[in-house]
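Single-letter residue listing:
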Amino acid sequence: MGGGATETEKTIEKIAIEKLRRKFPNKANSWIRRAITRFRENTIRQLNENTWIVDGDPKLGDKYLNYIVHFKDGRYHCSCFESSWGAHVERMNYAPT
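Attention in this report is confined to the structure presented alongside it.

Calculation rules
Residues numbered from 1 in each chain as written. Predicted model: local features only at pLDDT ≥ 70, side-chain atom pairs only at ≥ 80, totals over all residues. Heavy atoms only, no water. Helix = DSSP H or I, 4+ residues; strand = E, 2+ residues; numbered from the N terminus. Contact = heavy atoms within 4.5 Å. Phe/Tyr/Trp six-rings, centres within 6.5 Å; stacked < 30°, edge-to-face > 60°. Buried < 20%, exposed > 50% of the residue type's maximum accessible area, 1.4 Å probe, protein only. Pairing = 2+ DSSP bridges. Salt bridge = Lys/Arg side-chain N within 4 Å of Asp/Glu carboxyl O.

Structurally, the position occupied by Ile53 is in strand E2 (residues 51-55). Considering only alpha carbons, one finds Ile53 and Cys78, 25 residues apart in sequence, at a separation of 9.5 Å. Ignoring anything within four residues of it in the chain, the contact list for Ile53 reads Thr43, Ile44, Arg45, Leu47, Asn66, Tyr67 and Ile68.

Moving on, we come to the packing of aromatic side chains. What the rule picks out here adds up to 4 aromatic pairs. Pairing Trp52 with Tyr76 gives two aromatic rings, centres 6.1 Å apart and planes at 50 degrees, and the pair type is tilted. Placement of the pair is Trp52 in strand E2 and Tyr76 in strand E4 (residues 75-78), with a sequence separation of 24 residues. Geometrically, the ring pair formed by Phe71 and Tyr76 is tilted, given 4.6 Å between the ring centres and 50 degrees between the ring planes. With relative accessibility at 32%, the residue Phe71 sits in the partly exposed group. Ring-pair connections join several aromatic residues into one group, and the members of that group are Trp52, Phe71 and Tyr76.

Our focus in this paragraph is the pairing of E4. Of the two faces of E4, the one holding Tyr76 and Cys78 is buried and the one holding Arg75 and His77 is not buried anywhere. Summarising the sheet, strand E3 (residues 66-72) and E4 pair through 4 bridges and their orientation is antiparallel. Across the sheet, residue Val69 finds its bridge partner in E4, namely Cys78.

A few words now on the pattern of salt bridges. Within the structure shown, the criterion is met by 6 salt bridges. Notably, a salt bridge pairs Asp55 with Arg45, separated by 2.8 Å at the nearest N-O pair. Taken together, the positions of Asp55 in strand E2 and Arg45 in strand E1 (residues 44-48) put the pair 10 residues apart, joining distant regions of the chain. You can call Asp55 partly exposed: its relative accessible area is 23%. Arg45 sits in the partly exposed class, given a relative accessible area of 38%. The salt bridge partner of Lys59 is Asp57, with a shortest N-O separation of 3.3 Å.

Structure follows, in structure tokens:
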């Protein structure tokens, strides 16, 4: 959180980070930070139970305006897998935030 965050906001973020770490134990710190940023900036819209639109954010390294993420067969599949970077991103085991 930014320098002006209240103690309550800092506590909420700490709890969120702990929950993300428990749910996604193999994710890197950078993935956790990006997830928190996307949540804080409200850049994820859920279309249905298993589909989200994630707004791209250049400062997070995104190349496109938005991405579609589906949860299918126990895995998350991002439209970014279909790009020229897709094979690399898929190997990183991408999951939505």
